[in-house]
Amino acid sequence: MNALLAEQTQQLQLLVEAVAQLRAEISSAKKEANQAVSETASEVYVQMSDWALKSSGATIDLQRTSETYDCKENWGCRVLWFFRTANPPDTILQPDVSPENCWPLQGHEGQVVIRLPARVHLTAVTVQHISKEASPSGTVISAPRDIAVFGVDADGEEETLLGMFMYDVAEEAIQIFPLKNAPLPRAFSYIKLLVKSNWGNPAYTCIYRVQVHGKMAKPESLN
């Protein structure tokens, strides 16, 4: 009887030790998983940081940017816009994307050049319009369609094609376009978006917001 009790006690002790070890392993696994999630979230945050925010120092290179739409030749437009002026290009560098708070570039094609607040190894570009349901006119024909993205040297002498995309009005209003070979080994201080077409408006193309993603380049050596 005593031998049986001793054996059961020993087995119980082994079971307790096994449970304790299992708990330790689970705790360690949870810690590693949480650390991995934290590192991944941090990496995604860095990659998706917006380098085209006006509040962070991004600006528009007006000399290399298309003209803003002027509706003086359109009688209906003159009536609707009599008490307001068209939004400037740097509207696209701000988070307010309420209906009509866009930059209307002249015609169905054009370009905007954004000066970034730092040299950036670019990874992706986000373009935002409003949905058809949110549009006061009930249409989104002024939305950009075919877009080409270029990295531009500070002096503007050399441009590097980073990707060509289509903004699809049938999809979500916010669309992210990863750039080829991202993150790019070369850092850029400027980025150019060339709108090659829109969804049917011959007079103007509305851009609500552009975000530029990537990792800031290391400071250049002074040697």
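Each chain has its residues counted from 1, following the order in which its sequence is written. It should be noted that, the model being predicted, local features are given only for residues of pLDDT at least 70 and side-chain atom pairs only at 80 or more, the latter also being counted only at that level, while totals for whole chains, interfaces and linings use all residues. Water and hydrogen atoms play no part in the side-chain values, which are based on all heavy atoms of the structure.

### Digging into the confidence of the model for the protein
One rule of thumb: low pLDDT means the predicted coordinates there are not for detailed reading. Confidence scores labelled pLDDT are given residue by residue by the predictor and lie between 0 and 100. Summing up the model confidence of the protein, the mean pLDDT is 82 and the portion of residues at 70 or higher is 71%. Confidence, read as mean pLDDT per element, is least for helix H2 (residues 75–80) in the protein (51) and greatest for strand S1 (residues 59–60) (97). For residues 78–83, every residue scores under 50 in pLDDT, and the model assigns this stretch 5 contacts once sequence neighbours within four places are set aside. Put simply, DSSP marks the helices as runs of H or I at least four residues long and the strands as runs of E at least two long, and each gets a number from the N terminus on. Note on contacts: a residue pair qualifies if any of its non-hydrogen atoms lie within 4.5 Å across the two residues.

### Describing the pattern of salt bridges
One speaks of a salt bridge when a side-chain nitrogen belonging to Lys or Arg is within 4 Å of a carboxyl oxygen belonging to Asp or Glu. Considering all chains together, one arrives at 6 salt bridges under this definition. The salt bridge involving Asp61 is made with Arg64; its shortest N-O contact spans 2.6 Å. Across the pair Arg186 and Asp153 runs a salt bridge whose closest N-O atoms are separated by 2.4 Å. Here Arg186, found in the loop between strand S6 (174–178) and strand S7 (188–195), pairs with Asp153, found in the loop between strand S4 (146–152) and strand S5 (159–166); they are 33 residues apart in sequence, far enough to count as distant.

### Some details on the pairing of S5
As a general feature of sheets, a regular strand has side chains that alternate between the two faces. For S4 and S5, the ladder comprises 7 bridges, and the chain directions are antiparallel. Note that in S5 the partner of Val152 across the bridge is Glu159. The hairpin formed by S4 and S5 contains 6 residues between the paired strands, and Gly156 there has a positive phi angle of roughly 75°. Only when DSSP finds a minimum of two bridges between them are two strands counted as paired.

### Considerations on the side chain of Ser135
Of note, Ser135 is situated in the loop between strand S3 (110–128) and S4. Relative accessible area decides the class of each residue, using a 1.4 Å probe on protein chains only: under 20% of the type maximum gives buried, over 50% gives exposed, and in between gives partly exposed. With a relative accessible area of 11%, Ser135 lands in the buried category. Beyond its immediate chain neighbours, meaning those up to four positions away, Ser135 contacts Ile130 and Val140.

### Let's talk about the packing of aromatic side chains
Here a Phe, Tyr or Trp ring, Trp counted by its six-membered ring, pairs with any other such ring whose centre lies within 6.5 Å, and the pair is stacked when the planes are under 30 degrees apart, edge-to-face when over 60, and tilted otherwise. All chains considered together, the criterion is met by 2 aromatic pairs. Considering the side-chain rings of Tyr69 and Tyr204, the 4.8 Å spacing of their centres and the 35° angle between planes classify their relative orientation as tilted. Linking Tyr69 in the loop between S1 and H2 with Tyr204 in strand S8 (residues 204–207), this pair joins segments that are 135 residues apart in sequence. What makes Tyr204 partly exposed here is its relative accessible area of 25%. For the ring pair Phe165 and Phe177, a centre distance of 5.0 Å and an interplane angle of 25° mean the geometry is stacked. Residue Phe165 is located in strand S5, and its partner Phe177 is located in strand S6; the two are separated by 12 residues in the primary sequence. On the basis of relative accessibility, which here comes to 17%, the residue Phe165 falls in the buried class. You can call Phe177 buried: its relative accessible area is 10%. Just above the ring of Trp199 sits the side chain of Arg145; from NZ or CZ to the centre is 4.2 Å. Comment: the charge-over-ring label is applied if NZ (Lys) or CZ (Arg) is within 6 Å of the ring centre and within 35 degrees of the ring normal. A cation sits over an aromatic face here: Lys192 above Phe150, 4.8 Å from the ring centre.

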